[in-house]
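# Observations on chain architecture
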Amino acid sequence: MKKGKQIYEGKAKILYETDAPDLLIQYFKDDATAFNAQKKGTIQEKGIFNNSISSRIFEYLESQGIRTHYEKKLNDREMLVKRVEIVPIEVIIRNVAAGSLCKLLALAEGLKLKTPILDFCYKKDELGDPLVSEYHVLALGWATAQEIATIKDYTFKVNDLMKKFFLAINLDLIDFKLEFGRYKGQIILADEISPDTCRLWEVGTGKKLDKDRFRKDLGDVEEAYKEVFSRVTK
Ligand code: TMP
Ligand code: ASP
């Protein structure tokens, strides 16, 4: 697969065209940002770990009937993906209270939620990706009612599958963020699934093995990504 011109650079990834019009190369960087890029840093080899972790999880989800943009892992830092039109929404699922939910409602971190919470955030860096409701998504034309229904259905299915997947390697899935895209008229799962986009706590110890180590300066940041990588790819 020939690498063509760069078409997009985000905070953690770069997208390149290929010689196939429907396929892109997704390159994973070591750059890390938090709090809407107010905090910036580098996590050594994060790109390598996240490419492998995401690849493995997309393969698992595909095997369970979830359609994703993933085609194959190309090398250490690159995967081949379908070219989608990204729906400008970040879909967050929470099983346990952490992060912005604790801040919003003054909840204790670790509070187990009776049912999962699904949040929509509008993908707009200038606005800090604000929390919105399904009505905003529909009213502003970011997705149709049918697309929203598909996205919600996929997200709850992915939550059930990923909870099981991580529990099998002794990790509790606290929350995570998904992005979806349109491909040939269908909604499919896109972006990445990694310790950048999930909160993962070790069963028993509660040790945080995700980007919160970077966000909160908890130390052992690289080690946390490496630990998740070795458990996921074992
Ligand atoms: P939050 O508690 O900060 O809203 O984050 C919820 C989940 O979403 C957490 O697992 C981290 C992930 N996330 C992203 O992947 N990208 C983002 O820009 C933010 C704010 C959160
Ligand atoms: N990736 C987001 C940013 O830089 C936030 C986060 O993951 O905490 O802004």
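## Structural notes on the overall build of the chain
On a plain count of helices and strands, the chain comes out with 6 helices and 14 strands. Taken over C-alpha atoms, the radius of gyration comes to 17 Å for the chain, in line with the 17 Å a tight globule of 234 residues would show. By principal-axis analysis of the C-alpha atoms, the chain measures approximately 50 × 40 × 35 Å. Classification of the 234 residues of the chain by burial places 51% in the buried group. Pairs at least 24 residues apart make up 56% of the contacts formed inside the chain by residues separated by at least 6 positions. When the accessible area of the chain is evaluated, it comes to approximately 11,500 Å², of which 51% is carbon and sulfur surface. Positive and negative side-chain charges of the chain, numbering 39 and 37 respectively, have mean locations separated by a distance of 1 Å.

## Re the nonpolar core
Generally speaking, nonpolar side chains in soluble globular proteins are found buried as a group. Core analysis: the biggest nonpolar cluster contains 52 residues, and L61, M162, F166, L189 and I193 have the highest contact counts within it. Broken down by element, this core gets its largest block of residues, 8 residues, from helix α4 (residues 145–167). Setting aside chain neighbours within four positions, we find L61 in contact with I66, T68, V158, L161, M162, L189 and I193. In this structure, Y16, L23, I25 and L80 belong to the second largest nonpolar core, which totals 5 residues.

## As for the site of ligand 1
Every one of the 14 residues lining ligand 1 counts as a neighbour, but R94, S100, D175, K177 and R199 are closest to it. In the model, an oxygen atom of ligand 1 is placed 2.9 Å from a nitrogen or oxygen of the R94 side chain. For ligand 1, the protein covers 78% of the area, taking 450 Å² as the surface of the free molecule. Secondary-structure elements contributing two or more residues to the shell around ligand 1 are β9 (89–96), α2 (99–105), β12 (171–183) and β14 (198–202). The residue makeup of the shell around ligand 1, split by class, is 4 nonpolar, 3 polar and 7 charged.

## Considering the confidence of the model for the chain
When pLDDT is averaged along the chain, the result is 98; 100% of the residues meet or exceed 70. Mean pLDDT values over the elements of the chain span from 97, in strand β1 (residues 3–9), up to 99, in β14.

## Side note on the sheet that holds strand β3 (residues 23–28)
If you trace the 5 strands from one edge of the open sheet to the other, you get β1-β2-β3-β7-β6, paired in antiparallel fashion. Each edge of the open sheet carries a strand with a single partner, namely β1 and β6 (70–75). With strand direction ignored, the average angle separating the axes of adjacent strands in the sheet is 30°. Pairing between β1 and strand β2 (residues 13–18): 4 bridges, direction antiparallel.

## Concerning helix α6 (residues 221–233)
An α-helix turns once every 3.6 residues. As a result, residues three or four positions apart point the same way. With 13 residues, α6 should cover 18 Å at 1.5 Å per step; its first-to-last C-alpha distance of 19 Å lies within 8% of that length. Looking at α6, one finds that the buried residues are V221, A224, Y225, V228, R231 and V232. Looking down the long axis of α6, one finds its buried residues gathered within 130° of arc, a one-sided arrangement. The elements touched by buried residues of α6 are α1 (46–63), α4, β12, β14 and α5 (212–215).

## Overview of the environment of S54
With respect to the secondary-structure elements, S54 resides in helix α1. When the C-alpha atoms of S54 and T233 are compared, they prove to be 10 Å apart, with 179 residues separating the residues in sequence. In terms of polar contacts, S54 uses its side chain to reach the backbone amide nitrogen of I193, at 2.9 Å.

Quick notes on the rules
- Residue numbers here run from 1 along each chain, matching the order of that chain's written sequence.
- The order in which chains are written sets their letters, starting at A; the order in which ligands are written sets their numbers, starting at 1.
- Two thresholds apply to this predicted model, a pLDDT of at least 70 for residue-level local features and 80 or more for giving and counting side-chain atom pairs, whereas whole-chain, interface and lining totals are computed over all residues.
- Remark: hydrogens and water are excluded; side-chain values derive from all non-hydrogen atoms of the structure.
- By the criteria applied, helices consist of DSSP H or I runs no shorter than four residues and strands consist of E runs no shorter than two, each listed in order from the N terminus.
- The atom set for the radius of gyration is the C-alpha atoms, and the globule formula is 2.2 Å times the number of residues raised to the power 0.38.
- For the exposure calls, accessible area comes from a 1.4 Å probe over protein chains only, and a residue counts as buried if that area is under 20% of its type's maximum, exposed if over 50%, partly exposed in between.
- Contacts are assigned to residue pairs with any non-hydrogen atoms lying within 4.5 Å of each other.
- Only the protein chains shown count as cover for residues, and the accessible areas themselves come from Shrake-Rupley with a 1.4 Å probe.
- Asp and Glu count as negative and Lys and Arg as positive, but His and the ends of the chain are not part of the count.
- Positions of charges follow a simple convention, taking NZ of Lys, CZ of Arg, CG of Asp or CD of Glu.
- Definition of nonpolar core: a set of buried residues of the types Ala, Val, Leu, Ile, Met, Phe, Trp, Tyr and Cys, connected through side-chain atoms within 4.5 Å.
- The criterion for a residue being near a molecule or strand is simple. One of its heavy atoms has to lie within 4 Å of it.
- Polar contacts, as used here, are pairs of N or O atoms within 3.5 Å; protein pairs need one atom able to donate a hydrogen and one able to accept it. Residues neighboring in sequence count only if both atoms are side-chain atoms.
- Asp, Glu, Lys and Arg are counted as charged, while Ala, Val, Leu, Ile, Met, Phe, Trp, Tyr, Cys and Pro are counted as nonpolar; the rest, among them Gly, fall into the polar class.
- The quantity known as pLDDT measures the predictor's confidence residue by residue, on a range of 0 to 100.
- For two strands to be treated as a pair, DSSP must find no fewer than two bridges joining them.
- Angular values range over 0 to 180 degrees, each being the angle between N-to-C directions of two axes fitted as lines to C-alpha atoms, with helices fitted over their stretch in contact.
- The span expected for a helix works out to 1.5 Å for each residue beyond the first.
- Note: the arc covers the axis-to-C-beta directions of the helix.

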